[in-house]
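Descriptive structure summary
Next come the chains, spelled out residue by residue.
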Amino acid sequence: MSDKGLEMSAQDHPVYESHRQQVDRVLSDLSRGTLLHKVKSGGMLYPRTFFLDTKDMVLRYTGSEKRFRKKKLSWQISKIREVRDGEKDYSKRLDPFDRGRCFAVIFGANHEVLYLYSNSIYERDMWVKGIQFAIHMEQYMDQKQQADRWIKDAFNMADKNNDGSLDFEEVMKLLKQLNADMDKKYVKALFDKADTEKSGKGRSRLDNAEFVQFYHLLTERAEVEEIFLRYDGGKGYMDCLDLQRFLKNDQKVTMQEDDVNEVIAAYEPQKQLQLDDHMSLIGFRTFLTSRDQQMFNPACRRVYQDMTQPITNYYISSSHNTYLVEDQLKGPSRVEAYITALSRGCRCVELDCWDGPDDEPVIYHGYTLTSKILFRDVIGAIKDYAFHSSPRDQGDRSYPVILSIENHCSIKQQTVMGKHIRNILGDLVYAPTELPNKIPSPADLMGKIVLKGKKLPWSHSTEEAEVSDEEDEAAESQEESKSKDKSKHKLSRHFSDVVGMKAISFKSTDEAIASNGIFVSLGESKVLKMIGNDIKDVNRLSQQMLVRTYPSGSRTDSSNYNPVPMWAAGCQVVALNFQTTGAEPMQLLHGKFLDNGGSGYVLKPEFMLSAEKFSSQLEKPTKKKKLVMKMISGYQIPKPKDSKKGEVIDPFIKIEVHGSKADNQQVKTSVIQNNGFNPQWNETVSFNLNSPELVLLRFVVYDSDRYVDDFIGYYVMPLSCLQQGYRHFPLFNKTGDQLPQALIFVHTEIVDA
């Protein structure tokens, strides 16, 4: 692209240029490459030519100083979480440069960031738009296109000499890499069938298109064909009535004829069959693996619950020590951690506020060696990302964000905090001027940022006064070494006025309920003891107030507790360390808040909202259910991450039920030897459930090993979102990214127990 083109302003383009024309023009320009500078720490710039390749769906560059690199460095578009302009990024790395010419590309669940500096604001905007276009293209690419692209990627990986073809031995090696240990004669027969351009000279080879055809032949699924043959009546296709019967009998779905014909038109690839309202086996297989036919009900992907009830009636996705990215004692604090948590659906973040230099409050883990970040930078990031959904993290993020403030600042710096909140957040702040006559609902607070913290009495007129202190989480990690009296704390009127939800220290349930507070915080040990002694009392507290729980101060490695017992007792704000993505607690949180459109707010079951009904449910449950689940098969299950083993995996599935104490249970399937490609279990398991409304299902796929079974992937979802019948569910890795192509095929049924 010429320098003149780079300097062109948006106004220079035709006024009536259509959106489609704009997309095509931008993608065409970026595919030819432009000079950008990689921004490194220390203010270093490295010039590179970047290309946005929407054919192979990669972002790549040339010109690396690492001249020994054989391949150009590239990133798959599917790995990009977000692209943001420089003004919305809080990295100090960009401070020496004009932020109007900077942008950042964020990758993966760990939010790796690539910082880039462009030649102009116009070029920056063009790259931001272009990458956003590409993300949407990748996301909405239909299933067959995605599968074909994945197959082509596998082909390119195996084509070591870059000659555009694979011989039979290369194909066999690739299949082993893809976790398939298959009969050589069977594979050879399919190889020869796909080799349609035989030259007659030398060894047979498959080009890229032939390999795609070969792979489709190889991945035909007998377990799906068996279902198809039950309904096709020997015709070789399913007509509208056949598909209606399948939907009603197995999927527990009643669908009108016109709607069924629309399904056929959407999933049947053969035009003549489409016109005749007939569905082939290929169309049926595509339909059965489509997103809307997965085990997770698509109705739960939107906000469908009543959002007008008091906010105390909802579970809220919540983070603890949000500013940390590693351990609790000496790890770094980063503004980016707030952006990460918010982008993953968190609606309650924590800010530990302390006096900083130059009268600027800072956030860090007090009494530790963790690094410090400016309070005002965190507030700025929250403003930019509180209600932001990236294309990669779909969800309704319009419901309120709660800032859980742990205030250790002097009066002077509290006043600075109050001014920053007013100046930066403005009308976004929920700050009533008098005690509300009712607890607001999530709907009342849409688009609002709510501060939870210590607050002076509403009628108090002085500039400062003492208030009872809250739990001091920071001191816990020091084994109560802080000897000062922490029962009282001076509070600034300027800060108190921006606090929208009053937090109180907990002494007893009756005293807490009698206060005019709305928030109470309980440490892990305390709340578990309370649940063990009298779970009804904990639930009674949660019916009147938001109960926030947080990990013990002894968890210096940022590990997490199991959140399920707290949810089962009614605690709404169960805060976890979001930086610890790989373990079970965060997997359970991920699955729970898939519900209700990913809004971060999930309505509690009705029996949790009444002391009488809660007590009755514990003592004599009336809505018992039985979940019957046939674990049928797996599809393209990968090897464990960073696996160095040469052999194909031996997969098995652990199925867990998490909910009330009486419902917690688990079972394992048998181990399938040497087959991650298409393992078949065909095993039925069942679970009797006392409180099905609280149940989370967790599936974990492992590679069986003599010593320690290797984790491959997980899936968690609420039972309330389950679609019955023949369904697939995907797998996620430890960082929360979905594994490409991997699916588990099940049949489920829920009956009265």
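Residues numbered from 1 in each chain as written. Predicted model: local features only at pLDDT ≥ 70, side-chain atom pairs only at ≥ 80, totals over all residues. Heavy atoms only, no water.

**Considerations on the overall build of the protein chain**
A count of helical and extended segments in the protein chain gives 22 helices and 31 strands. By the burial criterion, 54% of the 753 residues in the protein chain qualify as buried. Looking at the protein chain as shown, the accessible area adds up to about 33500 Å², and 48% of this sits on carbon and sulfur atoms. (Helix = DSSP H or I, 4+ residues; strand = E, 2+ residues; numbered from the N terminus. Buried < 20%, exposed > 50% of the residue type's maximum accessible area, 1.4 Å probe, protein only. Areas by Shrake-Rupley, 256 points an atom, 1.4 Å probe, with all protein chains shown as cover.)

**Here we look at the packing of aromatic side chains**
In this structure the tally under the stated criterion is 27 aromatic pairs. For the pair Phe211 and Phe214, a centre-to-centre distance of 5.8 Å together with 35° between the ring planes defines the contact as tilted. Residue Phe211 and its partner Phe214 are located together in helix H7 (residues 208-218), separated by 3 residues, close to a single helical turn. As far as the burial class goes, Phe211 and Phe214 line up, both buried. (Phe/Tyr/Trp six-rings, centres within 6.5 Å; stacked < 30°, edge-to-face > 60°.)

**Here we look at the side chain of Ser165**
The topology assignment puts Ser165 in strand S8 (residues 165-167). A relative accessible area of 10% places Ser165 in the buried class. Polar contacts involving the side chain of Ser165 include one to the side chain of Arg205, which spans 2.6 Å. Once you skip the residues sitting within four places of it in the chain, Ser165 turns out to touch Phe155, Asp159, Glu170, Arg205, Leu206 and Asp207. (Polar contact = N/O pair within 3.5 Å; in protein donor to acceptor, adjacent residues only side chain to side chain. Contact = heavy atoms within 4.5 Å.)

**Comments concerning the side chain of His658**
With respect to the helices and strands, the residue His658 is situated in strand S25 (residues 651-658). Within the local environment of His658, its side chain forms a polar contact with the side chain of Glu656, the two groups lying 2.8 Å apart. Discounting residues that sit within four places of it in the chain, His658 has contacts with Val564, Glu584, Leu588, Asn664, Leu694, Val695, Leu696 and Arg698.

**A closer look at a negative patch on the surface**
The grouping of Glu257, Asp258, Asp259 and Glu262 at the surface amounts to a negative patch. Here Glu257 lies in helix H10 (residues 257-267). (Patch = residues over 30% accessible without salt bridge, like charges linked within 9 Å, V, L, I, M, F, W, Y side chains within 5 Å. Salt bridge = Lys/Arg side-chain N within 4 Å of Asp/Glu carboxyl O. Lys, Arg positive; Asp, Glu negative; His and termini not counted. Charge placed at Lys NZ, Arg CZ, Asp CG, Glu CD.)

**What to know about the pairing of strand S31 (residues 738-752)**
The sheet contact formed by strand S24 (residues 625-635) and S31 spans 10 bridges and is antiparallel. Note on S31: the bridge partner recorded for Ser633 is Phe745. Bridging between strand S30 (residues 725-732) and S31 involves 7 bridges; their strand directions are antiparallel. Following the sheet pairing, Pro730 is matched in S31 by Leu743. Connecting S30 to the next strand, S31, in antiparallel fashion are 5 residues, including Gly736 with a positive phi near 85°. (Pairing = 2+ DSSP bridges.)

**As for helix H21 (residues 584-592)**
Within H21, 7 of the 9 residues are buried, which leaves the element mostly enclosed by the surrounding structure. All of the buried residues along H21 are Pro585, Met586, Gln587, Leu588, Leu589, Gly591 and Lys592.

**Here's the deal with the nonpolar core**
With 111 residues, the main nonpolar core has Leu351, Ile382, Leu403 and Phe699 as its most contacted residues. Apart from the residues within four sequence positions on either side, Leu403 is in contact with Val349, Leu351, Ile379, Ile382, Ile449, Val450, Leu451 and Lys452. Formed by 27 residues, the second largest nonpolar core is a distinct cluster that contains Ile77, Ile80, Leu114 and Met126. (Core = buried A, V, L, I, M, F, W, Y, C linked by side-chain atoms within 4.5 Å.)

**Considerations on the confidence of the model for the protein chain**
Low pLDDT means the predicted atomic positions in that stretch should not be read closely. The predicted model of the protein chain averages 87 in pLDDT, with 89% of residues at 70 or higher. In this model residues 1-16 is a low-confidence stretch, pLDDT under 50, and it forms 19 contacts with partners more than four residues away in sequence or in other chains. Considering only residues more than four positions removed or in separate chains, one finds that residues 480-485, a stretch of pLDDT under 50, has 5 contacts. (pLDDT = per-residue confidence, 0-100.)

**Thoughts on the pattern of salt bridges**
The tally for this structure, following the rule as stated, stands at 33 salt bridges. For Glu336, the salt bridge identified is with Arg84, shortest N-O distance 3.1 Å. Placement of Glu336 in helix H13 (residues 336-343) and of Arg84 in strand S5 (residues 80-85) is noted, with a sequence separation of 252 residues between them. Assigned by exposure class, Glu336 and Arg84 land together as buried. The partner of Glu169 in a salt bridge is Lys184, and the shortest N-O contact between them spans 3.7 Å. Taken together, the positions of Glu169 in helix H5 (residues 168-177) and Lys184 in helix H6 (residues 184-194) put the pair 15 residues apart, joining distant regions of the chain. Its relative accessible area of 42% is what places Glu169 among the partly exposed residues. Residue classification places Lys184 among the partly exposed positions, given a relative accessible area of 44%. Look at the salt bridges and you will find they share partners, linking Glu82, Arg84, Asp89 and Glu336 into a network.

**Remarks on the pairing of strand S1 (residues 34-40)**
A large share of S1 lies buried, amounting to 5 of its 7 residues. With 7 bridges connecting them, S1 and strand S2 (residues 44-53) associate as antiparallel partners. Counterpart to Lys38 in the pairing with S2 is Tyr46. In this structure, the hairpin formed by S1 and S2 is closed by a connection of 3 residues, where Gly42 is found at a positive phi of approximately 85°.

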